[in-house]
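# Architecture at a glance
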Amino acid sequence: MGQIHVVCVLVNLYPGDTDDHGLPKEKDKCCDTNLYLYHEEIEDRPRAATFLSSLADYSNTIPTASAADPDAPKPAPPARMGTLIGVYLPCIQNIFGVILFIRLTWVVGTAGAIQGFLIVLTCCCTTMLTAISMSAIATNGVVPAGGSYFMIGRSLGPECGGAVGMLFYTGTTLAAAMYIVGAVEIVLTYMAPWLSIFGDFTKDPEAMYNNFRVYGTGLLLIMGMVVFVGVKFVNKFATIALACVILSITAVYVGIFVNFNGNDNLQMCVLGKRLLKDIHISNCSKDPGGELEQLFCPNKTCDPYYQTHGVSVVQGIKGLASGVFFDNLQGSFLTLGQYVAYGKEPDDIEQMERPTYNQIYADLTTTFTILIGIFFPSVTGIMAGSNRSGDLADAQKSIPIGTICAILTTSVVYLSSVLLFAGTVDNLLLRDKFGQSIGGKLVVANMAWPNQWVILIGSFLSTLGAGLQSLTGAPRLLQAIAKDEIIPFLAPFAVSSSRGEPTRALLLTMLICQCGILLGNVDILAPLLSMFFLMCYGFVNLACALQTLLKTPNWRPRFKYYHWSLSLAGLVLCISIMFMTSWFYALIAMGMAGMIYKYIEYRGAEKEWGDGLRGLALSAARYSLLRLEEGPPHTKNWRPQVLVLAKLNDDLNPKYRKMLAFASQLKAGKGLTVCVSVLGGDFTRRAGEASTAKQNLRKCMDDEKVKGFTDVLVSHSIADGLSHFVQTTGLGGLKPNTVVVGWPYGWRQSEDDRTWQVFLHTVRAVTAARMAMLVPKGINFFPDSTEKISGNIDIWWIVHDGGMLMLLPFLLKQHRTWKNCKMRIFTVAQMEDNSIQMKKDLKMFLYQLRLEAEVEVVEMTDSDISAYTYERTLMMEQRNQMLRELRLNKKETLGMVQAIVDHHHADIKTASKVRFADPNSETNPSDAPSPPLADSDEKEADDKDDFRSSLLHIIDSMWDSSAENSQCEGAPSPPPDPEKKDSNANGNALNSKPNLPTITPDEGTVRRMHTAVKLNEVIVSRSHDAQLVILNLPGPPRDTKLERESNYMEFLEVLTEGLEKVLMVRGGGREVITIYS
C-alpha cells in the first residue's frame, strides 16, 4: 500500500482599507479573499481548518438524511375413502417398519433411555413438522399421484421438482432394498438359521452378509415378478401386512405387562462383565474340562481375563418391577471391536490384542448421530396419504388429520417403546444386536405374548408388505417424472406396457434396488436412504415456508394450522440430521440433487408451473429495496453508487470511453453503476437510435468490464433529460449517490452558450439532489484499466465536503491501476490557524481513519490582488462584452472583428502552459496538449463562411495568448489606467484592439479570480507531476446570468490550468467516511 502525502496550505490575509484597484481589503466575515471562490460552500460546509479544529470531538458534521393451466390434473375419480381407510391406516403401515422389530432394542441399549428417547423424539419432530408443511401444500389444490414430487415441483419449480423427485425415487427404491434385507435377516437369523449357505454366520459376520445378499437377490426377483404380474395382489397383501403390524405391536405391549416381574425364558452367560454367545446356560460355569475352559484355555494356556473373572448367569427379561430402567439410563456407545460389557472400564471393553473367543463385540462404531441415521427410516412413510388424495372423499380434511394422527400414534408407540424396553430388558441383552447370547433369538419377539412366532411372522410379513409397496410406488414415481419431460434422458421410462404398467421403470428400480441389496447390511442402508428422505422432507418444508413468506395469491391452503417458522424449523432439523448422521452421505445426496438441478437448468426446462422460486428473486429484491428505503446507509456502509452521464458522438458511441474505465476503477467491481445518455429530439422519431445507443453503451461497459445498467433517454432538451436522469434513476433505496459528468472542453470555442449551460444545469441538478459529483478533466489522459501507474495522487482539501476527497483516493487504490500510487493531501488554512497544530490534528485524523498519509503544510503568504489577477478579470469581462455584442448585432461588429483579426495575427505566440485540448483530438498523452490557439486557426480556415464561429475562436485565442504570455513572462505590470486603456502587462500588445467601453470588474469577480489564480499557482508548483489531482469543485453561481456562468467556467479553467489530469469533486451533503469502527 502506498502512503498518503498530506500538504496543508496556510493562507494569510493582512487586512487593509482598499487596494490599488479600489477594492476593499477588509476581510469578509464568512470568507477571506483567497477563498472567495468557495464562499458559498463555506456558508453551510466547514472549511478544512474549521473541521480540523473540532477533531477532538469528532462526529458526523453533516447529519445523515434521514390461460388455462396446461398442468391441471385430470378430474379425480369419484371419491370413496375417508380419513381412516384412505390416510391414517396407509400411513401407519408405511411408518412402522423393520427397524422397530430388529433394531429399536439395540438403539435403546446403546444410546440409553435418555438419549434413545431424544433420538426418537428428534426424528418424530422432524416428520411432524414436515407433515404440517405437507398438509398446507396438499390442501392448496389437488395433489395427484407423485406425492412430494408433485408438491415440490409445483411449489419450487421444475428444477427443484426434478431434483427432489429423483431423490424421493432413489430413497423409495433403497427403502425397498432395506426392507428386503431386513426380511431376510429375520428369516435367517431368528426363524431358520439352518438355511445359511455360507456356514455358521454367528462366527463370521461376512458370511451372514453374503447370505443376506444371495437370499435378498432371490426375494427381489420374486417380489418384482409379483409387482409385474398384478398390482391388485400387492394392494390386497397390504391389508394383511397392516393387520400383522398392528397385531405384532399389540403383542409386544401385552407381553411387556405380562412380564411385569420378569421371566426366566431368556438367560445370558456373562464372564466378568462381558457378554458371551453360543453357550448353553447349563454350560455357563468354569468347571474343569467344561466348555468355557476349552474355549478360553487352549493348549493349557488360559486367557488372563478368564482367569481373573468369574462366570454368572444373568436374567434377560427383568420386568418393569425390577428397576432395571435406571441401569439403562446412560448410553454405552462403543467403537468397532470393543466388547459388549457392563460399564466402560477399558479392561472390560478393550480387546487388548487377544483372541475374541465367543465374546460379543461391536460390529460398528456407534454415536448419537449415527443412531439417528439408522433409526430415521422408521419414521418415514408420511406421504402415503397425500399420494392418494384423488381417492379421498374430502382430501383437504382427510390428509392433515389422517397424516398428523398417524404420526402422533407412531410417535407415541416409538417413545413408549423406548421407555418400556429400557425398563424391562437387561442392558447387555438390549445391546446384543442379533440375540447371539440367547441362542439367536429376537429380543422383541421373546418379550411378546403369547409366543415369539407372533412377532417373527408378523414382522416378516409386514416387512414384505412395505417392500412390495416401495417396489410398486417407485416405478410409478419415475414414470411421472419422465412424463413431465423435465429430465430428457428419462424419456424412455415414460412408456407404459399394454396393461398400463411402468415395466421399464420397474426394471430400472429393481436394478437400483439390487445395488442396495449388495450392500447387505441394514445398518449401512438405513443412513443412506435417510439422506434422500431428509432431503425430500427438507424441500417440502422449504416450499411451504417460501409460499407462506412470499404470500403468493394462489397460496390459499385449507389447512390453517401452519406457520413459516415451523417449516423453517423442520428444514433446519432435516439438514442438521443429515450432517450429524454422515456428512459424507449428506454431500452425496446434495451433490446428486445439485447435478440434477443444473442438468434441468442447462437443458432449459420449458415447464412453467407458477412456482415459488420464480418469484423468489423478485421478492428478495423487493424486500432488500424496501429495507434500503428505510433510510440512507450509515456512514460506514456508504460507497459510491455511480451514475455516469455519457456523451455520445455522431455514431451513437460514447465519446469518452475512459469515463467508464474510471468508473470501473472507482468501483473495483462493487456497488451500483448506471451509465446513461440523452439524445435530443422526439422519442417517437428517435426510438430506434435510442435502442442502438443503449446497445452501444452496454457493449462499451462490457469492454471496460463495468458491471451495471445502461439507459438512454430522448428529450427535446438535453439539460432537462440529464436532470430527469439525476432525479429518477434508481429504485427505492438502490439509487445512485454519485454522478460522473464530463468536462465541456470546447465551451470557449463553441458559438452556442448551451455548451456550458448544460454542464452548469447538470451541476445544479446534482447539487439539488444532494448527490456527490465528480468532474474528471483531461479524461483521455487518465489510465486504462489494464495499465499500472505509479506516482502521487494529490488531494487539495479546501472545504470539508463529507470526506469525499479522503475516500476517493482510497477507493481508487483498491484497483490494480492505482494500487502503486502514493497519496498526498493538501489543505488550506488561515492566518490565525496554527499550522503546526493543524498538521498534527490532520495526522491524527488520518490515523483514526486508518489511512496511511503524508502530511505537508504549505504556508501560502497573502498579497494584494495582483495586477495579473485584475488583468485576467478585465480580459474576461471584455470577452463577455464582445459576446454580448456579437449576439445583439452581427453587422455592428464587423469593424471590430477586422481590428481583432489584425492584432491576432500580429501578436500570436505559443503558450507554454499546459492546456486542455478536446480529448478526442489526436494527442500524444506523453506530450503537453496543444493550446486551443492551433485548433482555432484550423477551424477558422475550415469554416470561413461561419462568421460567428470564427470570431469566437479568434477572441478566445487572443484571450489565451495575452493571458498566458503575461503569466509566463512573470513580470507583473501595473493595473490598467482608466485614462490609458490601450496599455497592459505586455506594453503595447493590445494597441491594435478596437476601443471598448470602460469595464469595471465586479469586486466578487476579482476576488474569485484571485482565489483561482493563487490556488492554481500553489497547486501547479507542487502537483505538476502528480498522476491525479483531486480538489473541491466550487459551487455554481446562484445567479443564472450568462456572464456569471461564463465567469464560473473561466474560474475553473484558471484553477486547473497547467494540470494534465484533474478530478473536481463536490460532496452530496453527508458524511461518507468515519473514524469509528
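Keep in mind that what you see is a predicted model, and the values were worked out from it rather than measured. (Residues numbered from 1 in each chain as written. Predicted model: local features only at pLDDT ≥ 70, side-chain atom pairs only at ≥ 80, totals over all residues. Heavy atoms only, no water.)

## A closer look at the overall build of the chain
Of regular secondary structure, the chain possesses 35 helices and 14 strands. By residue count, 57% of the 1077 residues in the chain fall in the buried class. For the chain, the computed accessible surface area is about 45200 Å², with 56% contributed by carbon and sulfur atoms. (Helix = DSSP H or I, 4+ residues; strand = E, 2+ residues; numbered from the N terminus. Buried < 20%, exposed > 50% of the residue type's maximum accessible area, 1.4 Å probe, protein only. Areas by Shrake-Rupley, 256 points an atom, 1.4 Å probe, with all protein chains shown as cover.)

## Here's the deal with a nonpolar patch on the surface
Taken together, Ile575, Phe579, Trp583, Phe584, Leu587, Ile588 and Met590 make up a surface patch of nonpolar side chains, about 680 Å² in accessible area. For the nonpolar patch, the elements supplying multiple residues, two or more each, are helix H21 (564-581) and helix H22 (583-603). Looking at the element boundaries, Phe584 is found in helix H22. You can call Phe584 partly exposed: its relative accessible area is 47%. (Patch = residues over 30% accessible without salt bridge, like charges linked within 9 Å, V, L, I, M, F, W, Y side chains within 5 Å. Salt bridge = Lys/Arg side-chain N within 4 Å of Asp/Glu carboxyl O.)

## Focus: the nonpolar core
In this structure, Met178, Phe375, Tyr414 and Ile455 are the most contacted members of the largest nonpolar core, which totals 166 residues. Looking at this core element by element, the count peaks at 21 residues for helix H7 (residues 158-191). Among all residues touching Tyr414, those that are not within four sequence positions of it are Ile95, Phe96, Gly97, Leu100, Leu104, Val120, Phe375, Ser378 and Val379. In terms of nonpolar packing, the next biggest core, distinct from the first, is built from 108 residues, Val706, Trp743, Leu805 and Ile825 among them. (Core = buried A, V, L, I, M, F, W, Y, C linked by side-chain atoms within 4.5 Å. Contact = heavy atoms within 4.5 Å.)

## Here we look at unusual backbone geometry
Leaving glycine aside, a negative phi is the common case for residues, and trans is the common case for peptide bonds. Geometrically, the link from Trp449 to Pro450 is a cis peptide bond, its omega value of 10° lying close to zero. Relative to the elements of secondary structure, Pro450 occurs in the loop between helix H17 (443-447) and helix H18 (452-483). You will see that Arg770, though not glycine, has its phi angle at about 55°, which is positive. In this structure, Arg770 sits in the loop between helix H27 (754-768) and strand S9 (772-777).

## Comments concerning the side chain of Asp794
Within the secondary structure, Asp794 sits in strand S10 (residues 790-797). With residues near it in sequence (within four places) discarded, Asp794 still touches Arg824, Phe826, Arg1022, Ser1023, Ala1026, Leu1028, Val1029 and Ile1030.

## Looking at the sheet that holds strand S4 (residues 311-315)
Across the sheet, which stays open at both edges, the three strands sit in the order S3-S2-S4 with antiparallel pairing between neighbours. Only two strands of the sheet have a single partner each, and these edge strands are strand S3 (274-275) and S4. As defined by bridge partners, strand S2 (residues 267-271) adjoins S4 across five bridges and the pair is classed as antiparallel. Counterpart to Gln267 in the pairing with S4 is Gln315. (Pairing = 2+ DSSP bridges.)

## Looking at the pairing of strand S14 (residues 1062-1066)
Most of S14 is tucked away, with five of its five residues classed as buried. The alternating pattern of S14 places Val1062, Met1064 and Arg1066 on one face and Leu1063 and Val1065 on the opposite face, and all of these are buried. Of the strand pairs in this sheet, S9 and S14 are connected by five bridges, and their pairing is antiparallel. The partner of Met773 across the bridge, within S14, is Arg1066. Taken together, the four bridges between strand S13 (residues 1028-1032) and S14 define a ladder with parallel strand orientation. When the bridges of S14 are listed, Val1029 appears paired with Val1062.

## Describing the environment of Val858
Here Val858 is to be found in strand S12 (residues 854-860). Given the relative accessible area of 6%, Val858 is considered buried. Separated by 160 residues in sequence, Val858 and Val1018 have C-alpha atoms that sit 8.7 Å apart.

## Points about the pattern of salt bridges
Inspection of every chain in the model, using the stated rule, returns 14 salt bridges. Of the charged contacts in the structure, one is a salt bridge between Arg824 and Asp794, with a shortest N-O distance of 2.7 Å. Placement of Arg824 in strand S11 (residues 820-829) and of Asp794 in strand S10 is noted, with a sequence separation of 30 residues between them. When sorted by exposure, Arg824 lands in the same class as Asp794, which is buried. The residue Glu1060 makes a salt bridge to Lys1061 at a minimum N-O spacing of 3.4 Å. Owing to a relative accessible area of 9%, Lys1061 belongs among the buried residues under this scheme. A single salt-bridge network, built from bridges that share partners, covers Arg103, Glu185, Asp363, Lys433 and Asp523.

## Considerations on the packing of aromatic side chains
Per the counting criterion, the structure on display carries 20 aromatic pairs. Seen in terms of ring centroids, Phe376 and Tyr537 are 6.3 Å apart; in terms of plane orientation they differ by 55°. Their pairing is tilted. Placement of Phe376 in the loop between helix H13 (368-375) and helix H14 (384-387) and of Tyr537 in helix H20 (residues 522-550) is noted, with a sequence separation of 161 residues between them. Neither residue differs from the other here; Phe376 and Tyr537 are each classed as buried. An angle of 45° between the planes, with centres 6.2 Å apart, marks the rings of Phe584 and Tyr585 as tilted. Each member of the aromatic cluster is reached from another via a ring pair, and the members are Phe168, Phe376, Phe533 and Tyr537. (Phe/Tyr/Trp six-rings, centres within 6.5 Å; stacked < 30°, edge-to-face > 60°.)

## Digging into the packing of helix H9 (residues 231-258) against helix H15 (residues 395-424)
Packing of H9 against H15 leaves a shortest axis separation of 11 Å and a crossing angle of 35°. Between H9 and H15 the crossing geometry is left-handed. Taking contact as the criterion, the partners of Ile249, Val252, Tyr253, Ile256 and Phe257 in H9 are, on H15, Val412, Val413, Ser416, Ser417, Leu420, Phe421 and Thr424. (Axes fitted to C-alpha atoms, helices over the stretch in contact; angles between N-to-C directions. Left-handed = near helix turned anticlockwise from the far one by under 90°.)

## Here's the deal with H13
Quick reminder: α-helices carry 3.6 residues per turn. Residues three or four places apart thus point the same way. By the burial criterion, the buried members of H13 are Leu371, Ile372, Gly373, Ile374 and Phe375. Looking at the packing, one finds that the buried side of H13 touches helix H4 (98-102), helix H5 (104-138), H15, H20 and H21.

## Some points on the state of the cysteines
A disulfide bridge is the covalent bond that connects two cysteines by way of their sulfur atoms. Enumeration over the complete set of coordinates arrives at two disulfides. Across the disulfide from Cys269 sits Cys284; the S-S distance is 2.0 Å. As the torsion about the S-S bond is roughly 85°, the Cys269-Cys284 disulfide counts as right-handed. Linking Cys269 in strand S2 with Cys284 in the loop between S3 and helix H10 (291-296), this pair joins segments that are 15 residues apart in sequence. Taking the relative accessible area as the measure of exposure, Cys284 reaches 10% and is therefore buried. The disulfide partner of Cys297 is Cys302, and the S-S distance across this bridge is 1.8 Å. Residues Cys297 and Cys302 are joined by a disulfide whose S-S torsion is about 110°; by sign, that bridge is right-handed. (Disulfide = S-S within 2.5 Å.)

## A closer look at the side chain of Gln514
Structurally, Gln514 can be placed in helix H19 (residues 503-519). For Gln514, a relative accessible area of 17% translates into the label buried.

## Looking at the confidence of the model for the chain
Across the chain, the average pLDDT comes to 78, with 76% of residues at or above 70. Across residues 900-996, confidence stays below pLDDT 50; counting only partners more than four residues off in sequence or on other chains, it has 160 contacts. (pLDDT = per-residue confidence, 0-100.)

## A word on the packing of H7 against H20
It is at 8 Å that the axes of H7 and H20 come closest, and there the two elements cross at 150°. Here H7 is positioned roughly antiparallel relative to H20, judged by the angle of their axes. Note that H7 runs across H20; the crossing there is left-handed. Residues that form the contact of H7 with H20 fall into these classes: 19 nonpolar, four polar and one charged. (Parallel < 35°, antiparallel > 145°, perpendicular 65-115°, else oblique. Nonpolar A, V, L, I, M, F, W, Y, C, P; charged D, E, K, R; others polar.)

## Considering the environment of Leu118
Tracing the sequence through the fold places Leu118 in helix H5. The sequence separation of Leu118 and Leu415 amounts to 297 residues, and the corresponding C-alpha distance is 9.0 Å.

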